[in-house]
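Commentary on secondary and tertiary structure
If you want the building blocks of each chain, they are given just below.
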Amino acid sequence: MQATLTVLGSGTSMGVPTIGCDCAVCCSLDPRDRRTRPSVMISYRDPHDNARHVLIDTTPDFREQALREKIIQLDAVLYTHTHADHILGIDDLRPLTYHHKPGKMPLYATPRNCEFLRSMFRYIFEPTYKFGGLPQVELHPIEGAVELLGARFEPLTVIHGETPILGFRFGSAAYLTDHSEVPNETLEKLHNLDILFLDALRYKPHPTHSTVERSLKIVEAVKPKRAFFTHICHDLPHEATDASLPPGVRLAFDGMKLEFEI
Ligand SMILES: [Zn+2]
Ligand SMILES: [Zn+2]
């Protein structure tokens, strides 16, 4: 079945431009150098031919991203991990959760991350809080592949610094957003991909993120038809970096849309 991946955000945790920075990329007029925090949305039609939209992560820029992409419906959210740049937009799910049917909008995360989200956002998840206007969401622990409305999202473990976190494979696409290392057991699940998203923060090494060089090695190892780098900081000007990459490898940018089979 045909699906579309929309890049909601392609930037690193601080976003580009970065507050207080006047470097060439932060001051660039190229819209592709304007990077909100990292997230993608996967859209497809379920077996009853209804449109479905699954979000990966709710960044602090989710409101801006949803308005830009004119999102009017969301069916579920999958979380990769609970760093601030991946979760802080949770409250802006509100208007979309009010239309969600049936019941509350499901949020999927590892059991440990469910616990973290429950304590970080107690006002949302603890029934003793009776504030008005809460997001109508409920947590579901990821304990294997998540079957969602006719599509299958397989969790893949990657190492982010010292922490194992999740990426996801769905059909012929995979999205790995924050990793300093991709373990062999995950590399084995990345074959025969049309689209592979990888973390490529910058050229200089970083303790918790991949670099352009390291991610190019992953591309060489698993040979997707097309690879896209994301979670990009202000060290990489879009046009010049793109021109330096091999064919089939490109920097992602906010608003990019890709077709694939799910
Ligand atoms: Zn991140
Ligand atoms: Zn800058």
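Positions within a chain are numbered from 1, following the residues in the order the chain's sequence is written. Chains carry letters from A onward and ligands carry numbers from 1 onward, assigned in written order. pLDDT decides what is reported in this predicted model: residues at 70 or higher carry local features, side-chain atom pairs at 80 or more are listed and counted, and totals for whole chains, interfaces and linings draw on all residues regardless. Think of the side-chain values as coming from all heavy atoms in the structure, minus any hydrogens and water.

On to the pattern of salt bridges, then. Take a side-chain nitrogen of Lys or Arg and a carboxyl oxygen of Asp or Glu: if they are within 4 Å of each other, that pair is a salt bridge. Evaluated as defined, the whole model comprises 17 salt bridges. For the salt bridge of lysine 225 with aspartate 194, the shortest nitrogen-to-oxygen distance reads 2.9 Å. A residue pair is termed long-range when its members are at least 10 positions apart, and lysine 225 in the loop between helix H7 (212–222) and strand E12 (226–230) and aspartate 194 in the loop between helix H6 (184–187) and strand E11 (195–199) qualify at 31 residues. On the accessibility criterion, lysine 225 (65% relative accessible area) is exposed. Here the salt bridges do not stand alone but share partners, grouping Arg68, Glu69, Asp254 and Lys257 into one network. Labels follow the DSSP assignment, with helices taken as runs of H or I lasting at least four residues and strands as runs of E lasting at least two, numbered in each case from the N terminus. Only protein chains enter the accessibility calculation, which uses a 1.4 Å probe. A residue is then buried if its area is under 20% of the maximum for its type, exposed if over 50%, and partly exposed in between.

Turning to the coordination of the zinc ion (ligand 2), a few remarks are in order. For Na, K and Ca the donor cut-off is 3.2 Å, and for all other metals it is 2.8 Å, counting N, O and S atoms only; because water is absent from this set, sites may look incomplete. Surrounding the zinc ion (ligand 2) are the protein donor atoms Cys21 (SG), Cys23 (SG), Cys26 (SG) and His234 (ND1), at 2.0 to 2.3 Å. In these descriptions, tetrahedral denotes four donors with every angle between 85 and 135 degrees, square planar four donors and octahedral six donors with opposite donors over 155 degrees apart and the rest between 65 and 115, and irregular any other case. Here the zinc ion (ligand 2) is ringed by 4 donor atoms whose angles at the metal span 106 to 117°, and the overall shape comes out tetrahedral. In terms of primary sequence, the donors binding the zinc ion (ligand 2) are separated according to C-x1-C-x2-C-x207-H.

So, on to the side chain of threonine 36. Structurally, threonine 36 can be placed in the loop between strand E1 (2–9) and strand E2 (39–45). A relative accessible area of 5% means that threonine 36 is categorised as buried. Within polar-contact distance, the side chain of threonine 36 engages the side chain of aspartate 254 at 2.6 Å. Two N or O atoms form a polar contact when they lie within 3.5 Å of each other; inside protein one atom must be a possible hydrogen donor and the other a possible acceptor, and for residues adjacent in sequence the pair counts only when both atoms belong to side chains.

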